[in-house]
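Structure assessment
Listed below, chain by chain, are the residues.
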Amino acid sequence: SAMPWKAVLLVWAIAAAAAAAAREAVTGRAQLLVGDDFAAGVASERLALTLVSGGRLALVAEASNATLLAALRRSALRQSLVTATGELRHSGFVVDGFTVDVDGGTERDKPPRGELDARKASLRRMLVIIAKFAGFDAVPCSKEDIAEMIWTGTSSGWSTYRQFAHFTEGNIAFSPYVADTQQLDIVGPFSVSLQSKECDPNQWADLLQAAAVSAGVDPSRYQHTMYVIPEVSDCSWAGLGTVGCSYFCETWIAQCQYPQIYTHELGHNLGLMHASANIDERGNVKTYGDPTSVMGNKWFYTDAVYGFNAAELDLTGWTPPANVLAVSSGEFEVAPLNQMAENSELPQMVKVYNSFSASWYYFAFSTGENVPFSGKCCVHKYSDSDGNTQFITALENGQTFIDAFQRFSVTKLGATASSMKLVVASGCEQRMLHVNATVSLYGQHFADALLGASGSNDSSAAPRWLLQPGENAEVTFYVRNDDSPLCPALQFGVELQATGGWNGSCSTASLTLAPGVECRVLASIVAPLSDTQGTVKLTLSAARNSSTAFVVPLGVAASCVPQAPIVALESPSTFANATAPAQIGIWITNVDALQCEPTEWTVRMNDSRYTLVHSSVMSISPRSTALLQVEIALGGDADVELAVVDTAAPPKHDAVIVAVHVTKLAPCARNPLTIELGSASVNVESRSSALVPLTVVSSDTNPLCPTRHVSLASQADATFQRTMQFTTAMFDVPPGGRVAVAAQLSAQSVLLPGLYNVSFITGDDGNTHSALLSVNVWLDPCEYRNVYFRFLCPTTQDNTTAAEFTCTTLVLNNDKWNCPTFNFSLPPVVLSAPQYFTARWSTSTLTLFPRLYERPSLEVIQTAPFAGQLTITASVYSTAFVMEHNATKEARVQVGSCVRGQPTLSLYSPASSTIHYGGTTTFRLALEPDDNVICSSSVTYTITLLPTTASFVVSAPATLSVTPYAPATFDVTFTSQADVDENVTFTVVATNEELLFRAETEVRVLVHGPCKLRPPTITPLTPLFLTAVAGPASHGTYFLNVTNNDLLACPQTTFAVTTTSFNVLGVTTSPSVSTLPLAAGASALLSVSVSVAENTQPPMSFAVVLQLSDLAAVQQQVAHATTAQMTYTLDCHQPKPPTNVTATQFTPRFSLHTAVRLRWYACATPVDCCAPAAYDVYDAETGHLIGETTSREFTHEGLREGHTYSYAVRVRDSIGALSPDDTCSHVLAVTAEAPDLTAFGLLVGLCVGLSLVVAVFASIAVLIVVCVVVRRRQGRRQVQPHDETRAVRATRKHNSNNAPAVTQSVTEAYVPLDERQRGES
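Residues numbered from 1 in each chain as written. Predicted model: local features only at pLDDT ≥ 70, side-chain atom pairs only at ≥ 80, totals over all residues. Heavy atoms only, no water.

**Points about the sheet that holds strand S17 (residues 330–334)**
What the four strands build is an open sheet, ordered S17-S24-S23-S22; its pairing is antiparallel. The outermost strands of the open sheet, each flanked by one partner alone, are S17 and strand S22 (400–402). Strand-to-strand, the axes of this sheet are offset by a mean angle of 20°, without reference to chain direction. Pairing analysis gives three bridges linking S22 to strand S23 (residues 408–415), with the strands arranged antiparallel. Bridge pairing links Ile402 to Ser409 in S23. (Pairing = 2+ DSSP bridges. Helix = DSSP H or I, 4+ residues; strand = E, 2+ residues; numbered from the N terminus. Axes fitted to C-alpha atoms, helices over the stretch in contact; angles between N-to-C directions.)

**Details of the nonpolar core**
A general feature of soluble globular proteins is that nonpolar side chains tend to end up buried together. Residues Val128 and Ile146 are the most contacted members of the largest nonpolar core, which totals 41 residues. By residue number, the principal contributor to this core is helix H4 (residues 143–152), which donates five residues. Discounting residues that sit within four places of it in the chain, Ile146 has contacts with Val128, Ile130, Cys141, Ile186, Val228 and Tyr262. (Core = buried A, V, L, I, M, F, W, Y, C linked by side-chain atoms within 4.5 Å. Buried < 20%, exposed > 50% of the residue type's maximum accessible area, 1.4 Å probe, protein only. Contact = heavy atoms within 4.5 Å.)

**Quick word on a nonpolar patch on the surface**
On the surface, Val1253, Val1256, Phe1257, Ile1260, Ile1264 and Val1268 cluster together into a nonpolar patch covering about 530 Å² of accessible area. Here Val1253 lies in helix H9 (residues 1238–1279). On the basis of relative accessibility, which here comes to 42%, the residue Val1253 falls in the partly exposed class. (Patch = residues over 30% accessible without salt bridge, like charges linked within 9 Å, V, L, I, M, F, W, Y side chains within 5 Å. Areas by Shrake-Rupley, 256 points an atom, 1.4 Å probe, with all protein chains shown as cover. Salt bridge = Lys/Arg side-chain N within 4 Å of Asp/Glu carboxyl O.)

**With respect to the side chain of Asp931**
Considering the arrangement of structural elements, one finds Asp931 in the loop between strand S66 (920–928) and strand S67 (939–946). Setting aside its immediate chain neighbours within four residues, Asp931 contacts Val899, Arg900, Gly901, Pro964 and Tyr965.

**Side note on the packing of aromatic side chains**
For the coordinates displayed, the defined rule picks out 23 aromatic pairs. A ring pair is formed by Tyr353 and Trp360, whose centres lie 4.9 Å apart and whose planes are at 55°; its orientation type is tilted. Residue class for Tyr353 comes out partly exposed when judged on its relative accessible area of 41%. Clustering of aromatic rings is evident, with ring pairs tying together Tyr361, Phe363, Phe401 and Phe408. (Phe/Tyr/Trp six-rings, centres within 6.5 Å; stacked < 30°, edge-to-face > 60°.)

**What to know about unusual backbone geometry**
The residue after Gly188, namely Pro189, is reached through a cis peptide bond having omega 5°. Here Pro189 lies in strand S10 (residues 186–192). Residue Pro947 is reached from Leu946 by a cis peptide bond, and omega for that bond is -5°. Take Pro947: it is sitting in the loop between S67 and strand S68 (952–955). At Leu996, a position not held by glycine, the phi torsion is positive, near 60°. Looking at where Leu996 falls in the secondary structure, it is placed in the loop between strand S71 (982–992) and strand S72 (997–1008). Looking at Leu996, the relative accessible area reads 67%, which means it is exposed.

**Notes on helix H2 (residues 66–77)**
Counted at 1.5 Å a residue, the expected span for H2 with its 12 residues is 16 Å, and the 17 Å between its end C-alpha atoms agrees. Within H2, burial applies to Leu68, Ala71, Leu72, Arg73, Ser75, Ala76 and Leu77. At the C-terminal side of H2, Gln79 shows a positive phi close to 60°. (Expected span 1.5 Å × (residues − 1).)

**Remarks on the confidence of the model for the protein chain**
Interpretation of the predicted coordinates at a detailed level should be avoided for regions scoring low in pLDDT. Predicted confidence across the protein chain gives a mean pLDDT of 78, with 79% of residues reaching 70 or more. Contacts of residues 103–122 to residues separated by more than four positions or lying in other chains number 49 contacts, the stretch itself having pLDDT below 50. Overall, residues 447–455 carries pLDDT values under 50, and its contacts beyond four positions in sequence, including any with other chains, amount to 22 contacts. (pLDDT = per-residue confidence, 0-100.)

**Topic: the sheet that holds strand S16 (residues 324–326)**
Taken in spatial order, the seven strands make up an open sheet running S15-S14-S21-S20-S19-S18-S16, and their pairing is mixed. Two strands lie at the open edges of the sheet, namely strand S15 (285–286) and S16, each paired on one side alone. Note: S16 against strand S18 (residues 349–354), three bridges, orientation parallel. From the neighbouring strand, Ala326 faces S18, where its bridge partner is Lys351.

**Topic: the pattern of salt bridges**
Counted by the stated rule, this structure contains 15 salt bridges. Between Glu429 and Arg431 there is a salt bridge, and its shortest N-O distance comes to 3.3 Å. On the basis of relative accessible area, Arg431 is assigned to the partly exposed category, the value being 31%. Three or more residues are tied together by salt bridges with common partners; here these are Arg480, Asp482 and Glu518.

**Re helix H6 (residues 201–214)**
Compared with the 20 Å implied by 1.5 Å per residue over 14 residues, the 20 Å span of H6 between its first and last C-alpha is a close match. For H6, the full list of buried residues reads Pro201, Gln203, Trp204, Ala205, Leu208, Gln209, Ala211 and Ala212. Looking at the residues trailing H6, positive phi occurs at Gly216, about 90°.

**With respect to the pairing of strand S3 (residues 56–60)**
The alternating pattern of S3 places Leu57 and Leu59 on a buried face and Arg56, Ala58 and Val60 on a face that is not buried. Sheet analysis places strand S2 (residues 42–51) next to S3, joined by four bridges and oriented antiparallel. In the sheet register, Thr50 faces S3, and the bridge partner there is Arg56. As defined by bridge partners, S3 adjoins strand S5 (residues 92–101) across two bridges and the pair is classed as parallel. By the bridge assignment, Val60 is partnered in S5 with Val94.

Structure representation (structure tokens):
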């Protein structure tokens, strides 16, 4: 009974050995190829390995092994040298594991992508090869077209890289000429024949490279090779490029008519991935969504000017490090990003690192015509996880960006054509409150400029305003919270204090201010009846133990008290026509007590160098303000001092001196107005509206030009009936000024979606100026969508250190923008262990506008000892009971204490290694802990090796620190010290005495002595049995791996390669090479081609023998050869299905049910092995066999009326192979009709008729018999009609001898004649 188990173990061992023999290791540079389908917005990736030994392999992995794929991709982005293990198949090299060659350091020590030499070279050579594929359309672009899009055009890739990829030592550029010929590096088109129409860019590259070499072009002289190919239906991409290549870089262009595709794919060569964009609040990303970079795809639809975003310029190093500011907080000024770096005195970007998300955020702006978001602050994000940059938003002046994890904020203060100012705040930065005030007296309003500095706390300052005794006044305090945006709102206590007999009351006792918000506090005051001085003091105190006070000094005057006037220039500097006097306006405010008389004021020159041409005298009453105009004659620019004096004698007021700067200018030359749209296009839903921001700009640079009086209107496409409302339709624009206006665009009467044009027109003195807006209208009513509900709790909780934790949530109203606002409720959560935990929400109700979100938190508290998994179920629903607004999420938290288990010691490299004496080998091992999820601290293990031997020098770490869930790797190196053959097995042991843990594994080192020749081995990479079907010529290829097993000290051996097929007719075999040089211990790939002539009759099988022999080894009397045998089988095709299956419905004779007769055709080509032996008829719905036949027809009887029958017919050939279902009609359906009962009715009618005829004749016969009997009786009565007694006697006499009984009967039956006659009648 044990024998079957032994057989199973033997089979398992053989299978494991075969699988291990099929696996192999290859070494090369990992490479990532990215395909771009710009129209669909989809990118595809493929991995490849550029082998150290030459050539390249496509790398594939099982779809389920996502972790391995992600690790391979990261290594490809870093250009890592890797050794991959796996199996070579038709689809490529299937990887099941790999290791990184650290090149003397860890992979993390390799230079980041921005510092690769490939991107810092100042000049790159590029060759363009045009392809012409047989069977495909020609490339629609000429050499001149391609040259313009790459090199000579204004928007070519070369010009883009020359502008942006700029260093102090030179530009990134792609050389546009072949050396010494001054001709463009464009060759072709080269005609090539493809083996198939599948998408195989590597095959195309090899064919085109060979064609270029044949034409005398040496591709090896170029760092970049670009293949311009026809569009192939199997290839979804418009362009394909290798990412971050070093020297040999390739790109494929399938849509040659877009110049940006060339620039985009070359960007991949230089290491750039895609410029994506965040498209909603949930973090969903559009692969090509960045409108500011050529690595996006917005250029596919517009004619905007594109370059590279700030993140890309920093990653590649194309913006000098001195122009990149890495900051955490502060106020900064930056220059435009599209300005040449060496011309900038300011930095060109600001970047902030968020350690929580391991991401850099970039802030920069660009200016210029057709530049996306010109003048706005563009926010980008970069994380090394996928290599893509991400466009977040574009900030207007005054707008603030807050990162997703609320770690920092950035506010755009403003921007000009040459600079932009930003404020960066890290977390919450608390600042002083900003306070100022105004005073209202007798309905007149006086600003804080008359009261002193903002935030004054000087109670001894002289009063600015003198009130009448008992007079009422109102003081308005303006309070602004200047904290950074991430600070919480503050609640202030408000206190108003009045001194010196003054009385006052405040409009509020508390004030809540969010960062950046300004509020007003009104204070009503009453002056005392006595002539005294006092103050009104507003004190604001906050919870952060700081307070701010603002003092307004006031006085009371019962009689006239003169005070110095308040004098202010209309402008601190003025401009004057070079040929006319300068006009200067001076505002004078009389602040005397109300009892004083009006004062006359005039202006006198305080500088003898200049002449006062005109100055008037103006009378100003107390608490009144007036503008005084003067004219001064100047020869040029000058700083002038003027004295404002009281004309009374003697004067009641001291003179006030003011200084003004006068600039002489040429006469005004008016320039046209321009209209700047906030966006070139806008989306609006039908029967809805959208806000269109626009700015009217005066291009007048001369301040002497008059203010422009502007009116704004709009005109729409004739098919677009709309209404337009402006916030301001008529306004003034000063010279050089900008006036921002908003237009409300309504599409109330648009019933069809589509693109419409709207022109905004502004007029000034009869001149009109316009700007065109593209309006995209679509029919999209309110749509309720599933609420986005994210519920995250810590995966583990160590209850030995803390008894409570917090879960974070995000609730997003995902409805479309035009849907109403909804209230959402958070009901109490469901706990799997409510007896041990309690939980409460930070808030139970949420009010959410469409596309907005809130982040409520859940606090969970442990109330009793517990260990295990806690399940928390949280829900959210709309109080309006909208089904889409209901969501439930579940989180699991492992609660308990740390439990550690025995670790596992495993090998990352093969368990054995072969070296030459004096050689060195290294094993990489990993120690993986078995701690539970609660553990967090590391454990130190001692590393030892057994046994110890003098034959080796061993190098290994003495101790190893291992953290939970992170296998620790280490290397053990063996150096052979003995000139002998050795095979030593070492045991590597890791121990921790404190925990009593021990883990071990074995490694084997085989040391070869002097040269020993050994037979080579042949390992199949494809099955040894190949099967083909007959018909056309059949071809098969065996792939094998040949290994030279000589000891390492042996010289290289050249093997002769021969194949034999035992002289089978119509069969030819040939190896890929006739000789194979191999170094000792080396391996090589080998293939054997097998061809079977056309129309060879199957079935047949034959053996193919591959022989390797080393003739030189014969002299040494060593068997230095080997053979391998393969089998090739020529088999039959699967039978072809029947065709032209038809169905005829009929009623069989004398049957009450219908039947169906099926007929078909079947091929019988001998080579195709289609000669049918039988036909099987199936029920196509159930798959049950109905019947079989050897002829080409079949009858199915007994059908029920109205029932549908489906039939499928399959051919079964002589060897039992089945064909597919019939192809003419895969499922033949027949509905049974009523049976034809005509014949049956005739038969029944005939039977009935015959029965009737028989019945009639029978009746007639009976009547005849009855009639005969009656007649006979009547005849007997007529013999003696009057003597009945005699007749009876005669009868008795006649019958006396024969029938006495009858006589008796006759006598008894006697009846008188008259009665018998009556009865008969």
